[in-house]
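Structure assessment
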Amino acid sequence: MVQDVVAQLRLAQKDTNIKAVVLMVNSPGGTITASDILYHEISRYKDASNATVTACFLDIATSGAYYASLAADKIFAHPTSLTGSIGTIMLMPSLDGLMGKIGVEVNAYKSGKLKDMGSLFRKPTPEEQNLFKDIIDDLNSRFLHLAQTHRELTKDQLKEVSSGRVFTARQALQMGLVDKIGYIDDVLASIRKQNNLPSETTIVAYRRAETANDNEYNITTAFDSKPITLMDLGPLSTASKIKAGLYYIWEPALP
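All of the points below concern the structure found in this document. Quantities reported herein were computed from a predicted structural model and do not represent experimental measurements. (Residues numbered from 1 in each chain as written. Predicted model: local features only at pLDDT ≥ 70, side-chain atom pairs only at ≥ 80, totals over all residues. Heavy atoms only, no water.)

**Looking at empty space enclosed by the protein**
Enumeration over the complete set of coordinates arrives at one cavity of 30 Å³ or more. The computed volume of the largest cavity comes to approximately 30 Å³. Considering the residues around the largest cavity, the lining is formed by M92, G118, S119, R122, K123, P124 and E128. Within the lining of the largest cavity, the residues separate by chemical class into two nonpolar, two polar and three charged. (1 Å grid on protein atoms, 1.4 Å probe; cavity = no way out; pocket = protein on both sides within 12 Å on 5 of 7 lines; lining within 4 Å. Points joined across faces, edges and corners; volume = space filled by probe spheres on them. Nonpolar A, V, L, I, M, F, W, Y, C, P; charged D, E, K, R; others polar.)

**Overview of helix α2 (residues 32-48)**
In this model, α2 (17 residues) spans 24 Å end to end at C-alpha, consistent with the 24 Å of a helix rising 1.5 Å per residue. Among the residues of α2, those classed as buried are I32, A34, S35, L38, Y39, E41, I42, S43 and Y45. (Helix = DSSP H or I, 4+ residues; strand = E, 2+ residues; numbered from the N terminus. Expected span 1.5 Å × (residues − 1). Buried < 20%, exposed > 50% of the residue type's maximum accessible area, 1.4 Å probe, protein only.)

**With respect to the sheet that holds strand β6 (residues 89-91)**
The antiparallel open sheet is built from three strands, whose spatial order is β2-β9-β6. Of all strands in the sheet, those with a lone pairing partner are β2 (29-31) and β6, marking the two edges. The average angle at which neighbouring strand axes cross in this sheet is 35 degrees, direction not considered. Direction of pairing for β6 relative to strand β9 (residues 245-249): antiparallel, over a ladder of three bridges. From the neighbouring strand, L91 faces β9, where its bridge partner is G245. Here α2 sits on the sheet in contact with β2 and β9, set at roughly 110 degrees to β2. (Pairing = 2+ DSSP bridges. Axes fitted to C-alpha atoms, helices over the stretch in contact; angles between N-to-C directions. Contact = heavy atoms within 4.5 Å.)

**Topic: the packing of helix α1 (residues 2-14) against α2**
As a packed pair, α1 and α2 sit with axes 10 Å apart at the nearest point and diverge in direction by 0 degrees. The orientation of α1 relative to α2 falls into the category roughly parallel. Across the interface between the two elements, V2, V5, V6, L9, R10, A12 and Q13 of α1 pack against A34, I37, L38, E41, I42, R44, Y45 and A48 of α2. Grouping the amino acids of the contact of α1 with α2 by side-chain chemistry returns 11 nonpolar, one polar and three charged. (Parallel < 35°, antiparallel > 145°, perpendicular 65-115°, else oblique.)

**Here's the deal with helix α8 (residues 184-195)**
Compared with the 16 Å implied by 1.5 Å per residue over 12 residues, the 16 Å span of α8 between its first and last C-alpha is a close match. What α8 keeps buried is the set I184, V187, L188, S190 and I191. The buried side chains of α8 occupy one side of the element, clustering within an arc of 160 degrees when seen end-on. Close packing links the buried residues of α8 with β1 (20-27), β3 (52-62), β4 (74-77) and β8 (180-181). Phi for N196, located one or two positions after α8, is positive at around 55 degrees. (Arc of directions from axis to C-beta.)

**Considerations on the packing of aromatic side chains**
Within this structure, the stated rule accounts for five aromatic pairs. When the centroid spacing of 5.8 Å and the interplanar angle of 70 degrees are considered together, the rings of Y39 and Y67 count as edge-to-face. Here Y39 is found in helix α2, whereas its partner Y67 is found in helix α3 (residues 64-69), with 28 residues between them in sequence. Each member of the pair Y39 and Y67 is classed as buried. By the ring-pair criterion, three or more aromatic residues cluster together here, those being Y39, Y67, F143 and Y248. (Phe/Tyr/Trp six-rings, centres within 6.5 Å; stacked < 30°, edge-to-face > 60°.)

**Regarding the pairing of β4**
Bridging between β3 and β4 involves four bridges; their strand directions are parallel. Considered in β4, the bridge of A55 is made with I75. For the segment spanning β3, α3 and β4, crossover handedness is right-handed. Across two bridges, β4 lies against β8 in parallel orientation. Residue pairing for β8: F76 is matched across the bridge by K180. (Right-handed = clockwise from strand over helix to strand, strands pointing away.)

Below, the structure is given as C-alpha cells:
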C-alpha cells in the first residue's frame, strides 16, 4: 500500500489545480517502516505543494495509521471511529513448547551468544528481553515525540496516550488526538471554507482505474475486488500469517 499511496501523492503533486488532499484512513496500523515512510511522504508532499492535507478516520485508525496521519494539517474522525493505540509492539511466535511435545530440537551454531536472539525455537533469556525492550523503547520514543509535537499534548495527555490504549472519537477529541468529529461531507465543507473554495469544486479520487458510480467513498480498484483504503498499511491478513517483527499496530484489530 505504500507504493499506491506514494503514487497517488505524486499524481496530486503534478496537478497544480489540487488545493487540498483528503486521506481516507482505515487501518489498525502496520510495520514501523511502512508507517514512517507514509508519514515522510505526506510531509514531503506538503512541502512540495501548496495544498493542505486532512486525514479522515473511518472504522479504525490506530497505531501506525495514526502515526502516518500526524503529518496531516487536520484530523477528522467519524463519530464511530476508534483511534489511538500509540505505541510499539514486537510480535514473536514461540514454538519451543510444541517442539518439546513432539521431541524435536533445533541446534543453533552461532558466531556470538546473541546471534539467535528472537529465535522462535527457544524462550528468550533475561538479557535478550532487556535488549528487546531497549529497541522497543527507542522506536516508541520517536512515535511519542511526533505525537507530542504535532498534537501539542500536555504532560498528562502524553502519559495517557503512551499507555497504548485505544480511544473513541469523542475520547480522542477530548485527548487532543483529533481536531473534529464528523462525516466526509463535514470534512469537505471544512476544506472548502479553509481554502475559500466554491461548493462546486471538483473532487478527484485517485485509483488504478475508473469504476462505476464514482463518489468519494468508492476506493476500490479494477485489480482487486476487496476495498482498498488509501491508508491501508498492509496488516497481515490472518493471525496464522503473523511474522515476527516490530510493528506500530493494534494487534486485536488483525482480521
